Amino acid sequence: MNQQGKTKEQLIEELRELHRRTAVLESCLAALNHDTGLPTGGPSPRETGAPGAQARMRGTTELAEANGLVKAETEERKQAETALGLSEETYRRLVENINDVIFSLDVQGRFTYISPVIERFAHYDVSEVIGQPFYRFVHPDDLDIVWEKFKQTLAGNLEAHEFRVFAKDGSLIHVRTSSRPLWEGSRLVGLTGVMADITERKKAEEALWESESNLRTLMDLMPDPLVVYDPQGCVTYVNDAFVKTYGWSQDELLGTRIDFVPPEEAEKTRAAWERTMRREPILFETRRFTKDRKLLDIEATTAVLLDQQGNHQASIVIHRDVTDRKRAEERLRKANAELESFSYSVSHDLRAPLRGIDGWSLALLEDCADQLDERGRKHLERVRSETQRMGKLIDDLLELSRVTRADMRREEADLSSLVRSIAARLKDAEPDRQVDFVIQPGLTVHGDARLLEILLGNLFDNAWKFTGKHASARIEFGRTETEGQTTYFVRDDGAGFDMAYARKLFGAFQRMHKTSEFPGTGVGLATVQRIVHRHDGRVWAEAEVEKGATFYFTL
């Protein structure tokens, strides 16, 4: 628009009207000059009083008025032409500076106009496009639909459409065009429109589609059932594992709310969803019905997907069917209970005769000592020693059984404090020994404190035992790093062992030394390994004969 708010079309129409009116006035002026016989300059002063002067005077006055009108119309026409020129310049600058291409086609589809933006848009010169049919530039695979859209636009269908065109260098450009019919009066002369480059958007859409396709492939390959809900709780996607596990087809599930929550699980499920809506990823155990109303035990993991504005877009739930595991755990619980009962019976039934053997051997030594020679007394003492060792072995086996089956009670455990208590017990038992304990302070872990005390007790009992033949000893407890993982150790400078036999260390009843050298049952390190494994860790040792041993473990 110009500064008076008139459009280009309005200015053109006004200019045409001014031309028409000027032509009429000029025609009238010529007619007046002919009728009066006067020159255009008007009568002389002397003629004003002659006969017929009044008539000529009237003609002169009318002629002057006509001349004035012609001048006014001419001036107005010049102003309109100036405004039209300004409007056209503004329009030209607008067309040449917008990023989109402005174009016009005739009814045969040939370009009659294209804005200079085409030079940076597709690297064509304007002259290379004008007069050319549009289909010369369209990708062959898109030509049929584009030609159909062209005919529809000429018929008045103004729907925008997308297709591909070739740039001058042969590269493809994705474009979106919006166009409308072009009329001259009542005659259809073609169409005019705007073409926008949407190549980057298309690339982003293709990348997004590829990413979503890869994600769907991964979700379909997951062995665990997965379901995606919209914010209203309706299913938008389920993977193959979900269909296989629960029995519903995808068509039965999509767009619906699944009715598979048992009434007794409703409150737990509601609480889980509330936490999920607070964007807390959670894992909880629950139960779900299959299509045929079979109950499954599952572990459910939930999470919320947000859009770029942080709004709730979808919820993902992954189910892990733990029905078989639960059944196995129940069978194991029952088996452990039976084993506990059996262990108690074995312990009681074995201990009674052992106590009898030990007691009667002691009575024989005390009451019949004068009837036994030295060899007889030694035999009885050996019988008592073996029965006591058997009792210790039973105790160790029962402890190994308990640490394998006992429920884990994880809590913050102060390892340094446990070690100080164990060291004090050992010193009290043999106060004459010269043993230096070095205990790193402040070492805490998250684990079962009762089991960890048994673990450390076995390691320190071994260190105390295998340093017993040295006049003085050093036993150390501390923490280090092994391949980036926190590792704890118990180190001594005692008898050590040959590393060639290290693989036998943690087997039950496996010993590195003779019983006559160092007493023991060979169960302590097996117990250590069981406890470490129950804490998802590992244990190993390094040693050298007569230079001590170091036992490492992770938790």
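Look up: the structure comes first, before these words.
**A few points about the sheet that holds strand β12 (residues 434-439)**
Thought 1: An order of β12-β14-β15-β17-β16 is seen for the 5 strands of this open sheet, with the pairing classed as mixed. Either end of the sheet is taken by a strand with one partner, and the two such strands are β12 and β16 (539-544). Across the sheet, the axes of successive neighbouring strands diverge by a mean angle of 15°, strand direction being ignored.
Thought 2: Here 6 bridges tie β12 to strand β14 (residues 472-482), and the two strands are oriented parallel to one another. Across the sheet, residue F437 finds its bridge partner in β14, namely I475.
Thought 3: Against the sheet, helix α13 (residues 449-466) touches β12, β14, β15 (485-492) and β17 (548-553), its axis set at about 140° to β14.

**Things to note about α13**
Each full turn of the α-helix corresponds to 3.6 residues, which orients residues three or four apart in the same direction.
Thought 1: Here α13 spans 26 Å end to end across 18 residues, near enough to the 26 Å set by a 1.5 Å rise per residue.
Thought 2: Summarising burial for α13: 14 of the 18 residues are buried, a large majority.

**Focus on empty space enclosed by the protein**
Thought 1: In the structure shown here, the tally under the stated rule is 2 cavities of 30 Å³ or more.
Thought 2: Quantified by volume, the largest cavity comes out at close to 290 Å³.
Thought 3: For the largest cavity, the lining is made up of 23 residues, of which F103, F111, F134, F163 and M195 are closest to its centre.
Thought 4: Of the residues in the lining of the largest cavity, the class split is 18 nonpolar, 4 polar and 1 charged.

**A short note on the packing of α13 against helix α14 (residues 524-534)**
Thought 1: Axis separation between α13 and α14 bottoms out at 9 Å; the angle between their running directions is 145°. Seen from above, α13 lies across α14 with left-handed handedness. Contacts between α13 and α14 involve L451, L452, I454, L455, N458, L459 and N462 from the first element and G524, L525, T527, V528, I531, V532 and R534 from the second.
Thought 2: Taken together, the residues that form the contact of α13 with α14 break down as 9 nonpolar, 4 polar and 1 charged.

**Some thoughts on the pattern of salt bridges**
Thought 1: If you walk through the whole model with that rule in mind, you get 31 salt bridges.
Thought 2: The residue K202 makes a salt bridge to E162 at a minimum N-O spacing of 3.1 Å. Placement of K202 in helix α6 (residues 199-221) and of E162 in strand β3 (residues 161-166) is noted, with a sequence separation of 40 residues between them.
Thought 3: R270 is paired through a salt bridge with E267; the nearest N and O atoms lie 2.2 Å apart. Taken together, the positions of R270 and E267, both in helix α9 (residues 266-277) and 3 residues apart, correspond to about one turn of that helix.
Thought 4: For E267, a relative accessible area of 48% gives the class partly exposed.
Thought 5: Via salt bridges that share partners, E162, R176, R201, K202 and E205 belong to a single interconnected network.

Calculation criteria
Residues numbered from 1 in each chain as written. Predicted model: local features only at pLDDT ≥ 70, side-chain atom pairs only at ≥ 80, totals over all residues. Heavy atoms only, no water. Pairing = 2+ DSSP bridges. Helix = DSSP H or I, 4+ residues; strand = E, 2+ residues; numbered from the N terminus. Axes fitted to C-alpha atoms, helices over the stretch in contact; angles between N-to-C directions. Contact = heavy atoms within 4.5 Å. Expected span 1.5 Å × (residues − 1). Buried < 20%, exposed > 50% of the residue type's maximum accessible area, 1.4 Å probe, protein only. 1 Å grid on protein atoms, 1.4 Å probe; cavity = no way out; pocket = protein on both sides within 12 Å on 5 of 7 lines; lining within 4 Å. Points joined across faces, edges and corners; volume = space filled by probe spheres on them. Nonpolar A, V, L, I, M, F, W, Y, C, P; charged D, E, K, R; others polar. Left-handed = near helix turned anticlockwise from the far one by under 90°. Salt bridge = Lys/Arg side-chain N within 4 Å of Asp/Glu carboxyl O.

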